[in-house]
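Results of the structural survey
These are the residues of each chain, in order.
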Amino acid sequence: MAVARAPAKVILCGEHAVVHGSTGVAAAIGIYTRARIERGDSPSFLLVLPDLNVTLEWSLDFIRQELGISALQEVDPMAVRQDLAGKLAALLEKRGTRGNCELPPEFSGGKLAGVVAVLFLYVSIVGLKPVVLTIESEIPMSCGLGSSAALAVSVAASLLAFARPQKDGKLAGSNWIGVCEDDARLISSWAFEAEKIIHGNPSGIDNTVCTFGNVVKMKNDKREVLTNLASLQMLITNTKVPRDTKKLVSGVRQLKEKHPKVMSGIFDVIDSISEDFLGILQSQPATDQSQQEKLEELVVLNQGLLGTIGVSHASIEKICKITAKYGLKSKLTGGGGGGCVITLLPRGRKLFSSLLYVLLLTLARSCRTVSKGLGTSERRSKQLWV
């Protein structure tokens, strides 16, 4: 059996612009998705989703047939074929076929893409071996906290641990916790492939921060994991408005195609915001009030530009207005269009107005308590090989 977990994340600055080469800054937070894989008793792949009260099962013979593999042939666990995701998506459409599972009607859009991504990782890493994969999560779906990336990272890590490739020995062994740098990069790379299935053209920042934890700076293809930053307290409010990250990302891309000079200018400004924000966290003491004010101003500027490129939402703007009445600055985090909003809290303030909290609960029905710092204490997602 192999067990892995990966944290949620918030994007502090640079969402959407990071896809187009600007700096993005993200941090891990201490809620998790967990994946457990164990050997199965029947010749099938069993996917158990307790949070959704759903169990899905595919016979291995059916998967072989749909992928065009002979009964005696195994899938190369490390060979990723470009057409594999498409074949797996087509496989799920064959409802009522013997050996195929019946997906619940609500499994469409992001949920359906998530199942395809899990199947993709299973077939690519483990091959067609009888296993039971159980996935549980504390992270709300489709709200900008990286639920899909945490899913991809935890599943990839558990599958790699279960497969235990012997060629380098790095993932082999027993009773281990944490992984080395090379293995973490391998996990993140597989997770990125799964994220492509779910989101189309992700930046890679989500799977990186969900793998390595802490705070991640990303620009173009360069990713840097940062530690020992100034503390930052924040409130996370879930608008409970569902949205489609893939559509939002696509909309920004289309806007850039129509107005390349304008959008490039906006992305350049967002890049400067992210760099300045990170510079304050890296160099200033946590008690410097003037720097706190600069962080708040950068949050407001970033939110304004995100609204300009069309990824904000009425529910997000309402939360921003409510928190502003109390002198607090807020912005969307993640894809936008609903989802979650982060609100900076003055450093050192342990309590804030109960009226504000009630207002946000009434509006959004879900608030996360104050975070006492950025990034989980874990350097990367924990894995345990038992």
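Note that the structure is a prediction, hence the values are computed from the model and not measured.

Parameters at a glance
Residues numbered from 1 in each chain as written. Predicted model: local features only at pLDDT ≥ 70, side-chain atom pairs only at ≥ 80, totals over all residues. Heavy atoms only, no water. Helix = DSSP H or I, 4+ residues; strand = E, 2+ residues; numbered from the N terminus. Buried < 20%, exposed > 50% of the residue type's maximum accessible area, 1.4 Å probe, protein only. Contact = heavy atoms within 4.5 Å. Areas by Shrake-Rupley, 256 points an atom, 1.4 Å probe, with all protein chains shown as cover. Salt bridge = Lys/Arg side-chain N within 4 Å of Asp/Glu carboxyl O. Polar contact = N/O pair within 3.5 Å; in protein donor to acceptor, adjacent residues only side chain to side chain. Axes fitted to C-alpha atoms, helices over the stretch in contact; angles between N-to-C directions. Parallel < 35°, antiparallel > 145°, perpendicular 65-115°, else oblique. Nonpolar A, V, L, I, M, F, W, Y, C, P; charged D, E, K, R; others polar. Left-handed = near helix turned anticlockwise from the far one by under 90°. Pairing = 2+ DSSP bridges. pLDDT = per-residue confidence, 0-100.

Points about the overall build of the protein
If you tally the helices and strands in the protein, you get 11 helices and 12 strands. For the protein, buried positions account for 54% of its 386 residues. In the protein, the proportion of contacts linking residues at least 24 apart, taken out of those at least 6 apart, comes to 75%. Within the structure as shown, the protein displays about 16,600 Å² of accessible surface, and the carbon and sulfur contribution to it stands at 52%.

Observations concerning the pattern of salt bridges
Counted under the stated rule, the structure contains 10 salt bridges. Here Arg 64 makes a salt bridge to Asp 61, at a shortest N to O gap of 3.4 Å. Pair noted here: Arg 64 and Asp 61 are both in helix 1 (residues 60–67), with a separation of three residues, about one helical turn. For Arg 64, a relative accessible area of 11% corresponds to the buried category. A relative accessible area of 53% means that Asp 61 is categorised as exposed. A salt bridge links Asp 182 to Arg 185, with the shortest nitrogen-to-oxygen separation between them at 2.4 Å. Placement of both Asp 182 and Arg 185 in helix 5 (residues 181–199) is noted, with a separation of three residues, approximately one turn of the helix. The class for Asp 182 is partly exposed, based on a relative accessible area of 37%. In this structure, a network of salt bridges that share partners links the residues Glu 181, Asp 182 and Arg 185.

A look at unusual backbone geometry
Glycine aside, negative phi is the norm for most residues, and most peptide bonds take the trans geometry. With phi around 70°, His 16 is a residue other than glycine that occupies positive phi space. Structurally, His 16 can be placed in the loop between strand 1 (2–13) and strand 2 (24–39). Residue Asn 228 is not a glycine yet carries a positive backbone phi of 55°. Along the polypeptide, Asn 228 turns up in the loop between strand 7 (222–226) and strand 8 (233–238). We classify Asn 228 as exposed; its relative accessible area is 76%.

Some points on the side chain of Gln 303
By the element assignment, Gln 303 lies in helix 9 (residues 289–308). Overall, the relative accessible area of 5% leaves Gln 303 in the buried class. Polar side-chain contacts of Gln 303 include one of 3.0 Å to the side chain of Glu 317. Sequence-distant contacts of Gln 303, defined by excluding residues within four places in its chain, comprise Ser 312, Ile 316, Glu 317, Cys 320, Ser 330, Lys 331 and Leu 332.

Considering the packing of helix 7 (residues 245–258) against helix 8 (residues 260–283)
Across the interface, helix 7 lies against helix 8 with an axial gap of 5 Å and an inter-helix angle of 125°. By the angle between their axes, helix 7 is oblique relative to helix 8. Along the contact surface, helix 7 presents Val 252, Leu 255, Lys 256, Glu 257 and Lys 258, while helix 8 presents Pro 260, Met 263, Ser 264 and Phe 267. Its residues assigned to classes, the contact of helix 7 with helix 8 shows five nonpolar, one polar and three charged.

Here we look at the packing of helix 2 (residues 84–93) against helix 3 (residues 109–126)
Taken N-terminus to C-terminus, the directions of helix 2 and helix 3 make an angle of 120°; their axes are 9 Å apart at the nearest point. With respect to helix 3, the axis of helix 2 lies oblique. Our pair here, helix 2 against helix 3, has a crossing hand that is right-handed. Contact residues: helix 2 offers Leu 84, Ala 85, Leu 88, Ala 89, Leu 92 and Glu 93, while helix 3 offers Leu 112, Val 115, Val 116, Leu 119, Phe 120, Val 123 and Ser 124. Considering only residue class, the contact of helix 2 with helix 3 consists of 11 nonpolar, one polar and one charged.

Quick word on the environment of Gly 30
Relative to the elements of secondary structure, Gly 30 occurs in strand 2. Taking relative accessible area as the criterion, Gly 30 reaches 54% and is therefore assigned exposed. Here the alpha-carbon distance between Gly 30 and Glu 138, two residues 108 residues apart in the chain, equals 9.7 Å.

Describing the pairing of strand 1
The element strand 1 is largely enclosed, with a buried count of 10 among its 12 residues. By the bridge criterion, 11 bridges tie strand 1 to strand 2 in an arrangement that is antiparallel. When the sheet's bridge partners are listed, Val 3 is paired in strand 2 with Arg 36.

Remarks on the environment of Val 269
Mapped onto the elements, Val 269 comes out in helix 8. By relative accessible area, which is 42% here, Val 269 ends up partly exposed. Residues Val 269 and Ala 17, spaced 252 residues apart in sequence, show a C-alpha to C-alpha distance of 9.6 Å.

Considering the confidence of the model for the protein
Across the protein, the average pLDDT comes to 82, with 80% of residues at 70 or higher. Within the protein, no element has a lower average pLDDT than strand 12 (residues 383–385), which sits at 34, and none a higher one than strand 5 (residues 131–137), at 96. Contacts from residues 166–176, a stretch scored under 50 in pLDDT, to residues over four places away or in other chains number 21 contacts. Of the regions scoring below 50 in pLDDT, residues 377–386 engages in 48 contacts with residues more than four places distant in sequence or in other chains.

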